[in-house]
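Report on the structure
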Amino acid sequence: MSALKDKLKGDLTASMKARDEVRLRTIRMALAAINMEEVSGKEARELSDDEVIKVLTREAKKRREAAEAFADAGRAEKAQAELDEQAVLEDYLPAQLSDEELDRLVEEAIAESGAAGPKAMGQVMKVLTPKVAGRAEGGRVAQAVRARLTA
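This section reports on the structure supplied with the text. (Residues numbered from 1 in each chain as written. Predicted model: local features only at pLDDT ≥ 70, side-chain atom pairs only at ≥ 80, totals over all residues. Heavy atoms only, no water.)

1. Description of the packing of helix 5 (residues 99-113) against helix 7 (residues 138-150)
Their axes nearest at 10 Å, the elements helix 5 and helix 7 cross at an angle of 60 degrees. As summarised for this structure, helix 5 and helix 7 are arranged oblique, according to the angle between their axes. Read as a crossing pair, helix 5 and helix 7 show a hand that is right-handed. Here Asp99, Leu102, Asp103, Val106, Glu107 and Ile110 of helix 5 lie close against helix 7, whose contacting residues are Arg140, Val141, Ala144, Val145, Arg148 and Leu149. In the contact of helix 5 with helix 7, the residues fall into seven nonpolar, no polar and five charged. (Axes fitted to C-alpha atoms, helices over the stretch in contact; angles between N-to-C directions. Helix = DSSP H or I, 4+ residues; strand = E, 2+ residues; numbered from the N terminus. Parallel < 35°, antiparallel > 145°, perpendicular 65-115°, else oblique. Left-handed = near helix turned anticlockwise from the far one by under 90°. Contact = heavy atoms within 4.5 Å. Nonpolar A, V, L, I, M, F, W, Y, C, P; charged D, E, K, R; others polar.)

Set out below in structure tokens:
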């Protein structure tokens with residue numbers, strides 16, 4: 001079992017004992033998503049920590065998008081509940097890259113790939129994606145690369 005999944009299970013027990021409802025439902029949801037990912041495909045398998053991080057990142061993104069939708073619809077308490085769940089999930093994710101760190105990585109990837117112009121975005125993304133995996137959202141990375149290549 002991956003160390004991160006093991007930590008989630010331990011924290012599930014702790015949140016049950018502490019009667020922390022938000023943390024409890026969020027960890028249950030995360031473990032359910034991990035289990036779904038493990039049994040999807042042709043045969044069941046154990047996820048690595050990197051794969052668990054991808055699942056948690058996807059779930060955190062869902063919470064952020066749901067919070068925005070609820071806020072736009074004037075449902076402030078539902079939006080806050082989604083943000084609370086997102087905060088719990090982010091405790092298990094690697095720290096997000098700052099704008100300066102992301103810009104530095106984009107510069108390095110452009111230099112490494114020898115890319116020039118917006119048509120070379122795919123080459124830069126191919127080099128950059130493994131370096132930022134789990135530490136920056138794909139849309140944010142693509143935006144930074146696009147801005148740098150068109151400048």
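We are not done yet, so read on.
2. Digging into helix 4 (residues 76-90)
Taking 1.5 Å per residue, 15 residues should reach 21 Å; helix 4 reaches 21 Å between its end C-alpha atoms and fits that length. Listed as buried for helix 4 are Ala79, Glu82, Glu85, Gln86, Val88 and Leu89. (Expected span 1.5 Å × (residues − 1). Buried < 20%, exposed > 50% of the residue type's maximum accessible area, 1.4 Å probe, protein only.)

3. Description of the layout of surface pockets
As a volume, the largest pocket reaches approximately 200 Å³. If you trace the largest pocket, you find 13 residues lining it, with Thr57, Arg64, Glu90, Leu93 and Gln96 closest to the centre. Only helix 3 (49-72) and helix 4 provide two or more residues apiece to the lining of the largest pocket. Top contributing element to the lining of the largest pocket by residue count: helix 3, with four residues. Lining of the second largest pocket is provided by Thr57, Met125, Thr129, Val132, Ala133, Gly134, Ala136, Glu137, Gly138 and Val141. Among the secondary structure elements, those contributing two or more residues to the lining of the second largest pocket are helix 6 (121-132) and helix 7. Sort the elements by how many residues they give to the lining of the second largest pocket and helix 6 lands first, with three residues. Split into classes, the residues belonging to the lining of the second largest pocket amount to five nonpolar, four polar and one charged. (1 Å grid on protein atoms, 1.4 Å probe; cavity = no way out; pocket = protein on both sides within 12 Å on 5 of 7 lines; lining within 4 Å. Points joined across faces, edges and corners; volume = space filled by probe spheres on them.)

4. Things to note about the environment of Glu85
Positionally, Glu85 belongs in helix 4. For Glu85, a relative accessible area of 10% translates into the label buried. Linking Glu85 and Thr26, residues 59 residues apart in sequence, is a C-alpha distance of 5.6 Å. If we ignore the near neighbours within four places in the chain, the residues touching Glu85 are Val22, Arg25, Thr26 and Arg63. Within the structure, the side chain of Glu85 is placed 2.6 Å from the side chain of Arg25, a separation counted as a polar contact. (Polar contact = N/O pair within 3.5 Å; in protein donor to acceptor, adjacent residues only side chain to side chain.)

Keep in mind these numbers describe shape, not what the thing actually does.
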